[in-house]
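Listed below are the residues making up each chain.
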Amino acid sequence: MSRQPEILEDFAERFAPAHSALVIIDMQNDFCVEGYAASAAGRPLGAAQAIVPSLVRLLNSARAAGVLVCHVGFWTLPEHGSDSGPWLAQRRRSTYASDRIAIAETEGAAFIDALAPVGGELRIRKHRYSAFKGTDLDMLLRAHGIRSVVTTGVSTNVCVESTFREAFELGYYVCVPRDGCASWDRNLHEASLRNVEARFGLVSDIDSICKAWQQNPQALLFQKDMSR
């Protein structure tokens, strides 16, 4: 006899710290800091830079609540070591893109200082848009008992969308904070958020996510201990 699987209906339960991961995507120098690859390709960085303070707040909330934190960064191997012909052809014609972005072991590939990983947090290097494609992210999330992911970073319509789509297909609950991701094109950003609501998960905001995590008993205990 078939049985309907359990559904976590309540937002706070669905994204409880014990089984949630904060996935921060491509918040690297090359994508977010003037003078690096994206700005050299003409990409406006205002939207990406504007979300940094909010992401810092979300990251601090995740750390306090015991949420698993995953820093995902683009990682292009030198001498086109990670490029296929189709990939390279599209990168060279894409808007504000470059085939020399986030080259492995360069300063441009480093995470921005404000969101730098600390010990114990996952660091995922990817060669394609999705954080799951060709990486061990899914295995690591399952090893930590993760059921839900909060996807953030840049760009909403490319790497963030590729990641939340695949997360949903792999069986994770998905949340995308509208003020925790950004694109060089506001219309594309909004279209991706509509895609989330239509098919892949929930759109929320950083205040609501932080509130849900701070109300968790584990987070309150952490805050009490820190105040002693």
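Above this text you will find the structure in question.
Rules of the game
- Residues numbered from 1 in each chain as written.
- Predicted model: local features only at pLDDT ≥ 70, side-chain atom pairs only at ≥ 80, totals over all residues.
- Heavy atoms only, no water.
- Helix = DSSP H or I, 4+ residues; strand = E, 2+ residues; numbered from the N terminus.
- Areas by Shrake-Rupley, 256 points an atom, 1.4 Å probe, with all protein chains shown as cover.
- Buried < 20%, exposed > 50% of the residue type's maximum accessible area, 1.4 Å probe, protein only.
- Expected span 1.5 Å × (residues − 1).
- Contact = heavy atoms within 4.5 Å.
- Phe/Tyr/Trp six-rings, centres within 6.5 Å; stacked < 30°, edge-to-face > 60°.
- Arc of directions from axis to C-beta.
- Polar contact = N/O pair within 3.5 Å; in protein donor to acceptor, adjacent residues only side chain to side chain.
- 1 Å grid on protein atoms, 1.4 Å probe; cavity = no way out; pocket = protein on both sides within 12 Å on 5 of 7 lines; lining within 4 Å.
- Points joined across faces, edges and corners; volume = space filled by probe spheres on them.
- Nonpolar A, V, L, I, M, F, W, Y, C, P; charged D, E, K, R; others polar.
- Axes fitted to C-alpha atoms, helices over the stretch in contact; angles between N-to-C directions.
- Parallel < 35°, antiparallel > 145°, perpendicular 65-115°, else oblique.

Before going further, it helps to spend a moment on the overall build of the protein. Secondary structure summary: the protein contains eleven helices and seven strands in total. Structurally, the protein occupies a C-alpha span of about 55 × 50 × 30 Å along its principal axes. Summing over all exposed atoms, the protein offers an accessible surface of approximately 11,100 Å²; the carbon and sulfur share of this is 51%.

Here we take up the environment of F15. Assignment of secondary structure puts F15 in the loop between α1 (11-14) and β1 (20-25). F15 sits in the buried class, given a relative accessible area of 1%. Along the primary structure F15 and S148 are separated by 133 residues, whereas in three dimensions their C-alpha atoms are 6.0 Å apart.

Glancing now at helix α9 (residues 186-200). Structurally, the α-helix is built with 3.6 residues per turn, so residues lying three or four positions apart point the same way. When the terminal C-alpha atoms of α9 are compared, their 20 Å separation across 15 residues agrees well with the 21 Å that a helix rising 1.5 Å per residue should span. Looking at the buried residues of α9, the elements they touch are α8 (156-169), β5 (173-177), β6 (181-182) and β7 (202-204).

As a further point, take the packing of aromatic side chains. All chains considered together, the criterion is met by eight aromatic pairs. Between F132 and Y172, the aromatic rings sit 6.1 Å apart at their centres with planes inclined by 25 degrees, giving stacked as the arrangement. Of this pair, F132 sits in the loop between β3 (122-126) and α7 (137-143) while Y172 sits in the loop between α8 and β5, and the two are 40 residues apart along the sequence. A relative accessible area of 3% places Y172 in the buried class. Of the aromatic side chains, those joined through ring pairs into one cluster are F31, F74, W87 and Y129.

Now for helix α6 (residues 85-93). W87, L88 and R91 are the residues of α6 that are buried. Each buried residue of α6 sits inside an arc of 95 degrees when the element is viewed along its axis, so together they form one side. Summarising the geometry of α6, the exposed residues directed more than 90 degrees from the buried face are G85, P86 and R93. Here the buried face of α6 lies against β2 (68-74). N-cap assignment for α6: the residue whose side-chain oxygen lies 3.2 Å from the backbone N of W87 is S84.

What follows is about empty space enclosed by the protein. Enumeration according to the criterion identifies two cavities of 30 Å³ or more in this entry. Its boundaries defined by the atoms lining it, the largest cavity holds a volume of some 60 Å³. Lining the largest cavity are F31, R43, P44, L45, A47, A48, V154, S155, S183 and W184. Looking at the lining of the largest cavity residue by residue, the class counts come to seven nonpolar, two polar and one charged. Here the second largest cavity is characterised by a volume of approximately 40 Å³. Looking at side-chain class alone, the lining of the second largest cavity contains three nonpolar, two polar and four charged residues.

Here we come to the packing of α8 against α9. Viewed as axis vectors pointing N to C, α8 and α9 meet at an angle of 10 degrees, and their least axial separation amounts to 10 Å. Classified by the interaxial angle, the pair formed by α8 and α9 is roughly parallel. Contact with α8, carried on its side by T156, N157, E161, F164, R165 and F168, involves L188, H189, S192, L193, N195, V196, R199 and F200 of α9 and no other residues of that element. A class-by-class count of the residues in the contact of α8 with α9 yields six nonpolar, five polar and three charged.

Now for unusual backbone geometry. Along the chain, V154 connects to S155 via a cis peptide bond; the corresponding omega equals -20 degrees. Along the chain, the position of S155 falls in the loop between β4 (148-154) and α8. Of note in the backbone geometry, E79 takes a positive phi value of approximately 55 degrees without being a glycine. For E79, the location among the structural elements is in the loop between β2 and α6.

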